[in-house]
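# Tertiary structure, described
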Amino acid sequence: MQYHIIALLLGVILDLIIGDPYKLPHPIRLIGGLIGKLDHLFMDKRIDKERNKNTERLLGLILVLIVICLTALVTSIVLIGAYLINPILGMVIEAILSFYILAAKSLKVESMKVYYALKNKSINEARYAVSMIVGRDTDSLDKEGIIRAAVETVAENTSDGVIAPLIYLSFGGPIVGLVYKAINTMDSMIGYHNERFENFGMTAAKLDDIVNYIPSRISAWLMILASFIGGKDYDGKNALKIFKRDRYNHKSPNSAQTESVCAGALGVRLAGDASYFGQIVKKPYIGDANRNIRVSDIERANRLMLITEGLCLLIAVIILVSIFIFL
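Keep in mind it's a predicted model, so treat the numbers as computed, not measured. (Residues numbered from 1 in each chain as written. Predicted model: local features only at pLDDT ≥ 70, side-chain atom pairs only at ≥ 80, totals over all residues. Heavy atoms only, no water.)

Time to look at the overall build of the protein chain. For the protein chain, the helix and strand inventory stands at 11 helices and four strands. Taking 327 residues into account, the globule formula puts the C-alpha radius of gyration at 20 Å, and the protein chain, at 20 Å, falls close to it. Across its three principal directions, the C-alpha atoms of the protein chain cover 55 × 55 × 35 Å. Excluding contacts between residues fewer than 6 apart, the proportion of contacts in the protein chain whose partners are at least 24 apart in sequence is 72%. Summed over all atoms, the accessible surface of the protein chain reaches about 15,900 Å², with 64% contributed by carbon and sulfur. Between the mean site of the 36 positive side-chain charges and the mean site of the 31 negative ones, the protein chain shows a separation of 3 Å. (Helix = DSSP H or I, 4+ residues; strand = E, 2+ residues; numbered from the N terminus. Rg over C-alpha atoms; globule rule 2.2 N^0.38 Å. Contact = heavy atoms within 4.5 Å. Areas by Shrake-Rupley, 256 points an atom, 1.4 Å probe, with all protein chains shown as cover. Lys, Arg positive; Asp, Glu negative; His and termini not counted. Charge placed at Lys NZ, Arg CZ, Asp CG, Glu CD.)

See below:
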């Protein structure tokens, strides 16, 4: 247990300092490559043929099982093997795997690229930067639309990119943490409601909803607490109010949990209609337009995310130390 706690802390610190090491092999990119190959194998030859809903759902289920099983198996071999060789080596490998699972630094870096582009008054550069972190069409977004998209991404990914991985990592170790990331990656790659993935990606999308259901709500309450202690830039009472009112204003049962808190804490309105693959998708608003959204709200959303992560880590370590002491 003591090695796990140390590895967890080291993993969080490494993520906050380094972020995603783009030039080094990354297990999430490897998982993404596997998903892409299976998608190509199962679906590419079916696109021009007669489609069968049940067959595509079965193939999607098979893809999910293959990815989860291979992720758990390879991670188990690497981690358990390292601990069998030497506990210190095991702790180091666990810390590195933990670092790969968390995404706070990369979320901040990528969203702040939008911030700096807008500060430099480069709207095209800002559109490109935000296109790297959102799934919607960005070519026609105005300045406020770009800011809103960036803030929404930070708010939503506070849950599924930071807090949920941290929870699974804290209480399940890197094996469970990487399985969670594999599910999250499958959803982001094949969990779309379009002609190609509506049936094939159904299992991945539903499973992602399930594994994020509790963490998204924990994330929201931690973010509410962060809003109360984060200083004058945040309104904790309004964060709680908007959370209670708008937390289900999204097709996903989870996405609006932290988005609603962030909207309330900042006093801005998020969400609304957006374009995906050239089609306008109608969405309800989240939050109230108490003021116009500003470029600085991207930085505020990131600071709120980091405070929320700090609270989650503190609580997780207290629980883990208590288990170590009393059991």
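Structure's up, so let's keep going.
Here helix α4 (residues 87-101) spans 21 Å end to end across 15 residues, near enough to the 21 Å set by a 1.5 Å rise per residue. All of the buried residues along α4 are G90, M91, E94, A95, L97, S98, F99, Y100 and I101. Summarising the contacts, the buried residues of α4 are in contact with α1 (2-17), α2 (27-43), α3 (53-85) and α7 (143-190). Structurally, the start of α4 carries an N-cap: the backbone nitrogen of I88 is 2.8 Å from a side-chain oxygen of N86. (Expected span 1.5 Å × (residues − 1). Buried < 20%, exposed > 50% of the residue type's maximum accessible area, 1.4 Å probe, protein only. Polar contact = N/O pair within 3.5 Å; in protein donor to acceptor, adjacent residues only side chain to side chain.)

The next subject is the packing of aromatic side chains. Tallied over the full model, the rule gives six aromatic pairs. Consider the rings of Y115 and Y116, whose centres lie 5.1 Å apart with planes at 80°: the pair is edge-to-face. On the basis of an interplanar angle of 20° and a centroid distance of 5.1 Å, the ring pair of Y168 and Y180 is categorised as stacked. Owing to a relative accessible area of 23%, Y168 belongs among the partly exposed residues under this scheme. For Y180, a relative accessible area of 2% corresponds to the buried category. Over the ring of Y213 we find R217; its NZ or CZ atom is 3.6 Å from the centre of that ring. Its end group placed over the ring of F243, R247 keeps NZ or CZ at 5.3 Å from the ring centre. (Phe/Tyr/Trp six-rings, centres within 6.5 Å; stacked < 30°, edge-to-face > 60°. Lys NZ or Arg CZ within 6 Å of the ring centre and 35° of its normal.)

Considering all chains together, one arrives at eight salt bridges under this definition. For the salt bridge of D233 with R300, the shortest nitrogen-to-oxygen distance reads 3.6 Å. Pair noted here: D233 is in the loop between α8 (202-229) and α9 (236-246) and R300 is in helix α11 (residues 296-326), with a separation of 67 residues, a long-range link. With a relative accessible area of 15%, R300 lands in the buried category. A salt bridge links E299 to R303; the shortest N-O distance between them is 3.1 Å. With E299 and R303 both in helix α11 and four residues apart, this pair spans about one turn of that helix. Take R303: its relative accessible area is 27%, and that puts it in the partly exposed class. Each of D233, R291, D297, E299, R300 and R303 takes part in one network of salt bridges that share partners. (Salt bridge = Lys/Arg side-chain N within 4 Å of Asp/Glu carboxyl O.)

Close contact between α8 and helix α10 (residues 255-266) brings their axes to 8 Å; oriented N to C, the two are set at 15°. By the angle class used here, α8 and α10 are roughly parallel. Read as a crossing pair, α8 and α10 show a hand that is right-handed. Together, S216, R217, S219, A220, M223, I224 and S227 of α8 and Q257, T258, V261, C262 and A265 of α10 make up the contact between the two elements. The residue makeup of the contact of α8 with α10, split by class, is six nonpolar, five polar and one charged. (Axes fitted to C-alpha atoms, helices over the stretch in contact; angles between N-to-C directions. Parallel < 35°, antiparallel > 145°, perpendicular 65-115°, else oblique. Left-handed = near helix turned anticlockwise from the far one by under 90°. Nonpolar A, V, L, I, M, F, W, Y, C, P; charged D, E, K, R; others polar.)

What follows concerns the nonpolar core. L63, V114, V130, V151 and M186 are the most contacted members of the largest nonpolar core, which totals 84 residues. At 20 residues, α7 tops the list of elements feeding residues into this core. Excluding residues within four positions of it along the chain, M186 makes contact with I35, L63, V64, V67, I68, G191 and A204. (Core = buried A, V, L, I, M, F, W, Y, C linked by side-chain atoms within 4.5 Å.)

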